[in-house]
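Descriptive structure summary
Now for the letters of each chain:
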Amino acid sequence: MAEASFSKMPDTELDYTQEIRQMMHGFGDSNEPLLESAKVIEDVVLQQMKTIVRRACEIADRRASSKKNSVISGEDILFLLRKNKMKLRRLMKYLELKELGCSVQKMMTTDVPQNMIVESDEIDGTKKKMPFQSFLEQIDNTGELFESTFAVDEVKQRRCIRADIAARSMDEVRYMKFSKARRVSFANKNQHKFNDWICVGGDVTLSKQAYTILSYLAYETVAEIVDLTFLVRQDQSKLHGGDAIDRQRLSYVNPITYKPYYHKNVYVAKPLTPSEITEALRRYWSPQLDIAGPFNRWSMRRPHLKLLSC
């Protein structure tokens, strides 16, 4: 299964170009992102998702040990994030909120009176576990995955600050469009579209949990690319370069030096260009700019194997 190949694209080629354009706007890009930029990001996201599926196949094979496993579970993909605690916690927070939303929706659609609904954790007096907590406890030999659970996610915080700056001067129409763009994701109701888009072969099946996690990682990949591209744009600005040490952080976007263009008191962002996106990816994948330069382990591999979301 580790050698599982991906099937060819169907006759009608699927794409997420329009969805990615909305995501880019939700992450701070112009209200009309360039189509060429969205296509560049789409190619990278598709390539990254295929790489994640291949690696998850290898992990599923090891887990099955005796025979090949044709089903990729959520644990197989979570195992890839074990070395990045903050991204793993961000994913777990997303899964918790998604589970809470499903519970609320289910409660609203049932005919059981509200005063008769009692949470399971209130019955036995124990706190309800987070999704995949048992699995994480098994692979967490040092206890690092659960320490500092309430640590501040600086990357997420900067994204929120950037969104707040962009939304301050928007009128109602622009803000509704911006709010809608921030809700767009790959986790839509048409699960078959996402499976066909990443071209999962007939011998590989994604479980429902794996689909949810993989669609989140695709969304997070778009966010990482936009973050890096804003960093490149900021670095190209000589007047507002920011602090030299802070700019060494890959995901650094200084909210003080992030100065959007205003036309008649209306926020106007210059669209991210394909050249800026390409330069951001070049820096991210360049072994000369990575830790220890050409002696880093990533320099011995193909660049696209270095994942943005893991």
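Being a predicted model, the structure only gives us computed values, none of them experimental. (Residues numbered from 1 in each chain as written. Predicted model: local features only at pLDDT ≥ 70, side-chain atom pairs only at ≥ 80, totals over all residues. Heavy atoms only, no water.)

**What about helix α11 (residues 274-285)?**
- Counted at 1.5 Å a residue, the expected span for α11 with its twelve residues is 16 Å, and the 16 Å between its end C-alpha atoms agrees.
- If you check which residues of α11 are buried, you get Glu 276, Ile 277, Ala 280, Leu 281, Tyr 284 and Trp 285. The arc enclosing the buried residues of α11, seen along the axis, measures out at 160 degrees, which places them on a common side.
- As for α11, its buried residues are in contact with α2 (35-64) and α10 (208-236). (Helix = DSSP H or I, 4+ residues; strand = E, 2+ residues; numbered from the N terminus. Expected span 1.5 Å × (residues − 1). Buried < 20%, exposed > 50% of the residue type's maximum accessible area, 1.4 Å probe, protein only. Arc of directions from axis to C-beta. Contact = heavy atoms within 4.5 Å.)

**Regarding the environment of Arg 183**
- Positionally, Arg 183 belongs in the loop between α8 (172-182) and α9 (191-197).
- We classify Arg 183 as exposed; its relative accessible area is 60%.
- Spatially, the C-alpha atoms of Arg 183 and Met 23 are 8.1 Å apart, while their sequence positions differ by 160 residues.

**Points about the packing of helix α1 (residues 17-26) against α2**
- One way to put it is that α1 packs onto α2 with a least axis distance of 9 Å and a crossing angle of 105 degrees. Relative to α2, α1 is oriented roughly perpendicular. Counted together, Thr 17, Gln 18, Ile 20, Arg 21 and Met 24 of α1 and Leu 35, Ser 37, Ala 38, Lys 39, Ile 41 and Glu 42 of α2 form the full contact between these two elements.
- Across the contact of α1 with α2, the residue classes break down as five nonpolar, three polar and three charged. (Axes fitted to C-alpha atoms, helices over the stretch in contact; angles between N-to-C directions. Parallel < 35°, antiparallel > 145°, perpendicular 65-115°, else oblique. Nonpolar A, V, L, I, M, F, W, Y, C, P; charged D, E, K, R; others polar.)

**Considerations on the confidence of the model for the protein chain**
- On average, residues of the protein chain carry a pLDDT of 76, and 67% of them reach 70 or more.
- Averaged over each element, pLDDT in the protein chain is lowest for helix α5 (residues 120-123) (44) and highest for α1 (94).
- A low-confidence stretch, residues 1-11 (pLDDT under 50), is modelled with 30 contacts involving residues beyond four sequence positions or located in other chains.
- Taken as a whole, residues 116-125 scores under 50 in pLDDT and shows six contacts with residues more than four places along the chain or in a different chain. (pLDDT = per-residue confidence, 0-100.)

**Points about the packing of aromatic side chains**
- All chains considered together, the criterion is met by nine aromatic pairs.
- Between Phe 27 and Tyr 219, the ring centres sit 5.2 Å apart and the planes meet at 50 degrees, which makes this aromatic pair tilted. Here Phe 27 is found in the loop between α1 and α2, whereas its partner Tyr 219 is found in helix α10, with 192 residues between them in sequence.
- On the basis of an interplanar angle of 20 degrees and a centroid distance of 5.8 Å, the ring pair of Phe 186 and Trp 197 is categorised as stacked. Taken together, the residues Phe 186 in the loop between α8 and α9 and Trp 197 in helix α9 connect sequence positions eleven residues apart.
- Residue classification places Phe 186 among the buried residues on the basis of a relative accessible area of 0%.
- Judged by its relative accessible area of 1%, Trp 197 is buried.
- Through successive ring pairs, a cluster of aromatic residues spans Tyr 16, Phe 186, Phe 194, Trp 197 and Tyr 211.
- When the ring centre of Phe 79 is taken as origin, the NZ or CZ atom of Arg 82, which lies over that ring, is 3.9 Å away. (Phe/Tyr/Trp six-rings, centres within 6.5 Å; stacked < 30°, edge-to-face > 60°. Lys NZ or Arg CZ within 6 Å of the ring centre and 35° of its normal.)

**A look at the packing of helix α4 (residues 85-109) against α10**
- It is at 11 Å that the axes of α4 and α10 come closest, and there the two elements cross at 125 degrees. Classified by the angle between their axes, α4 and α10 sit oblique to one another. In this structure, α4 crosses over α10, and the sense of that crossing is right-handed. In this structure, α4 uses Lys 87, Arg 90, Leu 91, Tyr 94, Leu 95 and Lys 98 to contact α10, whose residues at the interface are Thr 212, Ile 213, Tyr 216, Glu 220 and Glu 224.
- Its residues assigned to classes, the contact of α4 with α10 shows five nonpolar, one polar and five charged. (Left-handed = near helix turned anticlockwise from the far one by under 90°.)

**Quick word on the environment of Tyr 16**
- For Tyr 16, the location among the structural elements is in the segment before α1.
- In sequence terms Tyr 16 and Asp 43 are 27 residues apart; their C-alpha atoms lie 9.9 Å from each other.

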